Amino acid sequence: MFLIGHGISVRSDLPIPEWLFGWAAAMVLVVSFVALAVLWPEPRLQKPTWRPLPGGIGRVLGSRPVEIICGAIGIFLFGLTIYAGLRGTESTTANFAPIFIYVIFWLALVPLSVLFGDVFRAFNPWRAIGRAVAWIARTASRGELPAPLEYPAWLGRWPAAVGIFAFATMELIASNGDKPDSLAVAALAYSAVTFIGMALYGIDRWIDRAEAFSVYFNLFSRLSVVETRDREVGLRKPLSGLPQLKSLPGTVALLAVMIGSVSFDGLTGKQPWNNISPDIAQFFQDRGLSPQHALEATFMLGLIGAVLFVAGFYWLGVLGAKSVGGGFSARRLAHEFVHSIVPIALAYVAAHYFTLLLFQGQAIAYLISDPLGKGSDIFGTADTQIDYTLIGANATWYWQVAFVVAGHVAALMLAHDRALALYEDNRKAVRSQYWMLGVMVGFTSLALWLLSSANA
Amino acid sequence: MSRNQRIGLIVAAVAVAVLAFVIASPGGDDDGDKASQTTATPSTDTTETPSTDTTERQTEAPAPPKPTVTRIDIRGGQVVGGPAEIHAKNGDTVVIVVSADAPDDIHLHGYDIEKPVEPGKPATFRFKANLEGEFELESHVAEGAGREPLVGTLIVEPR
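Thresholds, definitions, all that
- Residues numbered from 1 in each chain as written.
- Chains lettered and ligands numbered in written order.
- Predicted model: local features only at pLDDT ≥ 70, side-chain atom pairs only at ≥ 80, totals over all residues.
- Helix = DSSP H or I, 4+ residues; strand = E, 2+ residues; numbered from the N terminus.
- Contact = placed C-beta atoms within 7 Å.
- Buried ≥ 20, exposed ≤ 12 C-beta atoms within 10 Å, placed from the backbone.
- Nonpolar A, V, L, I, M, F, W, Y, C, P; charged D, E, K, R; others polar.
- Pairing = 2+ DSSP bridges.
- Core = buried A, V, L, I, M, F, W, Y, C linked by C-beta atoms within 7 Å.
- Expected span 1.5 Å × (residues − 1).
- Axes fitted to C-alpha atoms, helices over the stretch in contact; angles between N-to-C directions.
- Parallel < 35°, antiparallel > 145°, perpendicular 65-115°, else oblique.
- Left-handed = near helix turned anticlockwise from the far one by under 90°.
- Bend = angle between axes of the 7 residues up to and from the residue.
- pLDDT = per-residue confidence, 0-100.

1. Focus on the overall build of chain B
Regarding its fold elements, chain B presents four helices and nine strands. Reading chain B from its N end, one meets helices and strands in the order α-α-α-β-β-β-β-β-β-β-β-α-β. Pairs at least 24 apart in sequence give 58% of the contacts found in chain B among residues at least 6 apart.

2. What to know about the overall build of chain A
Each helix and strand counted, chain A has 18 helices and four strands in total. Per-residue burial over chain A gives 46% buried out of 456 residues. Summarising the internal contacts of chain A: among those between residues at least 6 apart in sequence, 81% fall at separations of at least 24.

3. Here's the deal with the interface of chain B and chain A
Each partner contributes residues to the interface: chain B has 28 residues there, and chain A has 27 residues. Listing elements by their share of the side of chain B that touches chain A, those giving two or more residues are α1 (3-24), α2 (29-39), β8 (133-139) and β9 (150-157) of chain B. It is α1(B) that contributes the most residues to the side of chain B that touches chain A, nine residues altogether. Looking at the side of chain B that touches chain A, its residues break down into 15 nonpolar, seven polar and six charged. As paired elements, strand β1 (residues 11-12) of chain A and β8(B) share two bridges and run antiparallel to each other. Across the sheet, the residue bridging to A:Ser12 is B:Glu134, located in β8(B).

4. Observations regarding the environment of A:Ala161
Residue and element names in this part refer to chain A. In this fold, Ala161 is placed in helix α7 (residues 158-172). Note: C-alpha distance between Ala161 and Glu211 (50 residues apart in sequence) is 9.4 Å. Residues within four places of Ala161 in sequence aside, it is in contact with Gly250, Ala253, Leu254 and Val257.

5. Focus on the nonpolar core
Generally speaking, soluble globular proteins have nonpolar side chains that are buried together. A:Ala24, A:Ile164, A:Val257, A:Ile259, A:Ala345 and A:Ala447 are the most contacted members of the largest nonpolar core, which has 148 residues in total. Excluding its chain neighbours within four sequence positions, the residues that come into contact with A:Val257 are A:Ala161, A:Ile164, A:Phe165, A:Ala168 and A:Val307.

6. Some details on the pairing of strand β3 (residues 226-229) of chain A
Residue and element names in this part refer to chain A. Pairing of β3 with strand β4 (residues 232-235) involves four bridges; the strand directions are antiparallel. In the strand pairing of β4, Thr228 is matched with Val233. The antiparallel hairpin formed by β3 and β4 contains two residues in its connecting segment, where Asp230 sits at a positive phi of about 45 degrees.

7. Quick notes on helix α6 (residues 125-141) of chain A
Residue and element names in this part refer to chain A. An ideal rise of 1.5 Å per residue puts 24 Å on 17 residues; α6 measures up with 24 Å between its terminal C-alpha atoms. Among the residues of α6, Pro125, Trp126, Arg127, Ala128 and Gly130 are the ones counted as buried. In this structure, the buried residues of α6 make contact with α3 (64-87), α5 (119-123), α8 (180-201) and α9 (203-209).

8. Considerations on the sheet that holds strand β4 (residues 93-100) of chain B
All names here are of chain B. Spatially, β2-β1-β4-β7 is the arrangement adopted by the four strands of the open sheet, whose pairing is mixed. Each end of this open sheet is capped by a strand with a single partner; those strands are β2 (78-79) and β7 (123-128). For strand β1 (residues 68-75) and β4, the ladder comprises seven bridges, and the chain directions are parallel. Note that in β4 the partner of Thr68 across the bridge is Val94.

9. Looking at the packing of helix α13 (residues 291-323) of chain A against helix α18 (residues 426-451) of chain A
Residues and elements named next belong to chain A. Their axes nearest at 8 Å, the elements α13 and α18 cross at an angle of 165 degrees. The angle between α13 and α18 falls in the class roughly antiparallel. The chirality of how α13 crosses α18 is right-handed. Residue-level contacts link Phe313, Tyr314, Gly317, Gly320 and Ala321 of α13 to Ser432, Trp435, Met436, Gly438, Val439 and Gly442 of α18.

10. Regarding the packing of helix α11 (residues 251-267) of chain A against helix α15 (residues 342-360) of chain A
Residue and element names in this part refer to chain A. Remark: α11 packs on α15, axes separated minimally by 9 Å, with the N-to-C direction vectors making an angle of 30 degrees. Considered as vectors, α11 and α15 are oriented roughly parallel to each other. Judged by the sense of rotation from one axis to the other, the crossing of α11 with α15 is left-handed. On α15, the residues touching Leu255, Met258, Ile259, Val262, Asp265 and Gly266 of α11 are Ile344, Ala345, Tyr348, Val349 and His352. Here the residues of the contact of α11 with α15 are counted per class, giving eight nonpolar, two polar and one charged.

11. Quick word on the sheet that holds strand β2 (residues 51-52) of chain A
Taken in spatial order, the three strands line up as β2-β4-β3 (chain A) in an open sheet, and their pairing is antiparallel. Looking at which strands have only one partner, the edges of the open sheet turn out to be β2 and β3 of chain A.

12. Remarks on α15(A)
Residue and element names in this part refer to chain A. Across its 19 residues, α15 extends 25 Å between first and last C-alpha, which sits within 8% of the 27 Å expected from 1.5 Å per residue. At Tyr353, α15 shows its strongest bend, of approximately 55 degrees. Taken across its 19 residues, α15 has 17 buried, putting it largely inside the fold.

13. Overview of the environment of A:Ser113
Residues and elements named next belong to chain A. Here Ser113 shows up in helix α4 (residues 96-116). Assessed through the 24 C-beta atoms surrounding it within 10 Å, Ser113 is described here as buried. For Ser113 and Phe217, which are 104 residues apart along the polypeptide, the C-alpha to C-alpha distance reads 6.4 Å. Apart from residues lying up to four places away in sequence, Ser113 is in contact with Asp118, Val119, Phe120, Phe217, Phe220, Ser221 and Ser224.

14. Details of the environment of A:Ile207
Residues and elements named next belong to chain A. Topologically, Ile207 is positioned in helix α9. The exposure class assigned to Ile207 is buried, which follows from the 24 C-beta atoms found within 10 Å. In this structure, the C-alpha to C-alpha distance between Ile207 and Ala134, residues 73 residues apart in sequence, is 15 Å. When near neighbours in sequence (up to four residues on either side) are disregarded, Ile207 contacts Asn124, Arg127 and Ser214.

15. So, the confidence of the model for chain B
Residue and element names in this part refer to chain B. When pLDDT is averaged along chain B, the result is 77; 74% of the residues meet or exceed 70. Scored below 50 in pLDDT, residues 28-58 shows 47 contacts in the model against residues more than four places distant or in partner chains. We note a pTM of 0.87 for the whole complex and an ipTM of 0.77 for its interfaces.

Here it is, written out as structure tokens:
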């Protein structure tokens, strides 16, 4: 059987032992019930709070020169990735492109966003190129550019959901998804789509709603205390960024893709999947697909199944919350609570991939000296090696459990606060919370199970 | 509920959590044993009748002073009996002997040991397993030819 999936799986984590899995799952329940009893009785997170950084630092960080420098760095890294992907050696770990895309861009930007706010917005190469082109066009035509088309309201965050799904397909399913040249071609194709979108609907509108990675990292940056407003960097109250998330069509789908794809990556190492997937692959093979394509089709089915499962489970909780009364439609409730799922999505990513980031992230030290994998040594670091002793299995398990439980607690707080603001009757607010609590305990237990040795 | 009651409840919950953790967590040596019980899946090695024939892959009984030897044989581009699963604890000496009927390059990821194999000239990997996690043992020839490169998986658990 062909093994597809993480091309960068040089080292994988050991599953969490059963005793720790059991303890962590019990803790999630204890935390949940304690939270119901002790959380605040009045909404606290709904009003935006923001203060600029003292001493004018915020203004400097948000200034035009800083923006131009960050944008230029973003464009340089993008260009280097494409160049290495097309011209470099066809190896996943010896070429700059796969490690940069899957580890530095996709994984390292997540903790950076949570700590420092929406950093990807500053370094986003597509936004930087778009703004530079618009500036040149404005200067050349000595006037205002024609107004962009109105972005259709129904489209919402759907393009971002589709984009993240496509990225997950590339990462987890496509058998050439870890090949440098395929990655470079995919990145160029995605760039073309992004430039067309920005040209039609305006740079900022497309970046805010449709450009998959901007939307993805912006969601995580809303957990940060750092926020930029009107070109000035400032601080806000913890967790007060997510309630400001505009509920747009496709947001639930985007969260389902985010959680579903990480879940599927975990599931592929588990017994239930290994039991059924050969039969499904055989089914496709009997219908004329090559073994490799049959396996890709099987994995595609699994990924879609995982995303639908996550979405379905969330909707189940929403329908339960609707049954409490209060006169809200299911669609309204689904949108009112979707921001509270973001910390859980973060916990999934953090627990699953933090060792991959910690270990494979070190590869960037030798790749900056030898980006093409052809023996150059620009900075004299081409001979450095990855230190796999950085963190042991025990410490990894405790960090994983800590991420999952912390994400659960943050999600509970956000949902609780929104329920208080939404329902006039506090009793109804609490009753609706039993349902959202059920959803979160479900997601959190699934996260722990996927990481554990149960059915491994 | 008053502020003090809330704090009291949180303190009580934390105390229960710590107590449950202490009771649940298997201490010292017990830890490793339990972990290996729950994670080790029976590989084909232990069920096969031990044979001295080198074409058969076999694992000796884990007698402490003697390092466990895992034999892997590649025939016609396929691992006989499927990719091996090699279990070890941090600090163990691991010995893996790979033989093949065609020239090959075998690479153990993470530990980053690469050895050539030729017909009649098996490659012997002997090292101290001091990195925890799961590591892949791959055939570079199979990888280059677009075939499944996985020859075995090394699983190193904490002590």
